[in-house]
Amino acid sequence: GAVVSQHPSWVICKSGTSVKIECRSLDFQATTMFWYRQFPKQSLMLMATSNEGSKATYEQGVEKDKFLINHASLTLSTLTVTSAHPEDSSFYICSARPNDRGGYGYTFGSGTRLTVV
Amino acid sequence: QKEVEQDPGPLSVPEGAIVSLNCTYSNSAFQYFMWYRQYSRKGPELLMYTYSSGNKEDGRFTAQVDKSSKYISLFIRDSQPSDSATYLCAMSVTDSWGKFQFGAGTQVVVTP
């Protein structure tokens, strides 16, 4: 149990376009989901906390108008990279946990590799 | 200074050897410590978690936390080629579940 699915697994887009990444909890409901970004050979950096039915909370230095997060249901959070540029190319990963589990229960999606050309 | 420091490796060991990994951190508020394994182009998967100081063993894996030194370790006994991956340490303060601070990850290569 506790499976998190991300889609797409990879995407290539042109500079200036927008890309939407989906994060779904397949067998549990998640009030909160987290979005991370990982550059090659670097650690995962928390970008934002996605809260069902309310606005996302962004970490310092993350542009909320560039990285739009929508947590419309208890099983789906989306991250939209708007007006993407080559420097946005990275590996984006989401995580979530069932509400009845502690911190050990966080499951990560398989990630989305975004390449902006 | 990064909040969590981890040697990126690569760390190459022969099959059957003990793999020793470690992280240091600066934030004394961290209470929960996790080790994740990440294969290339995949999301991290949880291997071990510990609360506060102490040791924890699970099969071939042993996690140690020394809060006084702000130092955590992961040992993998009888290493196998399938253990070849990047190992990430992660930490969080008591009330910030999900908001983990990750190390950069150590790449481990176990050679047959």
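Reading the values: rules and limits
- Residues numbered from 1 in each chain as written.
- Chains lettered and ligands numbered in written order.
- Predicted model: local features only at pLDDT ≥ 70, side-chain atom pairs only at ≥ 80, totals over all residues.
- Heavy atoms only, no water.
- Helix = DSSP H or I, 4+ residues; strand = E, 2+ residues; numbered from the N terminus.
- Buried < 20%, exposed > 50% of the residue type's maximum accessible area, 1.4 Å probe, protein only.
- Contact = heavy atoms within 4.5 Å.
- Pairing = 2+ DSSP bridges.
- Axes fitted to C-alpha atoms, helices over the stretch in contact; angles between N-to-C directions.
- Salt bridge = Lys/Arg side-chain N within 4 Å of Asp/Glu carboxyl O.

A look at the overall build of chain A
- Counting its regular elements, chain A contains 0 helices and 11 strands.
- The helix and strand sequence of chain A, counted from the amino end, reads β-β-β-β-β-β-β-β-β-β-β.
- For the C-alpha atoms alone, the extent of chain A along its principal axes is close to 40 × 30 × 25 Å.
- Burial analysis of chain A (117 residues in total) assigns 50% to the buried set.
- Considering only residue pairs separated by 6 or more positions, chain A has 54% of its internal contacts joining residues 24 or more positions apart.

Side note on the sheet that holds strand β7 (residues 67–73) of chain A
All names here are of chain A.
- Taken together, the 4 strands give an open sheet; going across it, the order is β1-β3-β8-β7, and neighbouring strands pair in antiparallel fashion. Strand pairing shows two members of the sheet lacking a second neighbour, β1 (4–7) and β7, which therefore form its edges. The average undirected angle you get between the axes of adjacent strands in this sheet is 15 degrees.
- With 4 bridges joining them, β1 and strand β3 (residues 19–25) adopt antiparallel strand pairing. What sits directly across from Ser5, in β3, is Arg24.

A closer look at the pattern of salt bridges
- Enumeration according to the criterion identifies 5 salt bridges over all chains in this entry.
- Here Glu22(A) and Arg24(A) are joined by a salt bridge, their closest N and O atoms 3.5 Å apart.
- Glu22(A) sits in the partly exposed class, given a relative accessible area of 23%.
- Judged by its relative accessible area of 35%, Arg24(A) is partly exposed.
- The salt bridge involving Asp83(B) is made with Arg60(B); its shortest N-O contact spans 2.9 Å. With Asp83(B) in the loop between β8 (71–76) and β9 (85–93) and Arg60(B) in the loop between β6 (54–58) and β7 (61–66), the pair connects residues that are 23 residues apart, well separated along the chain.

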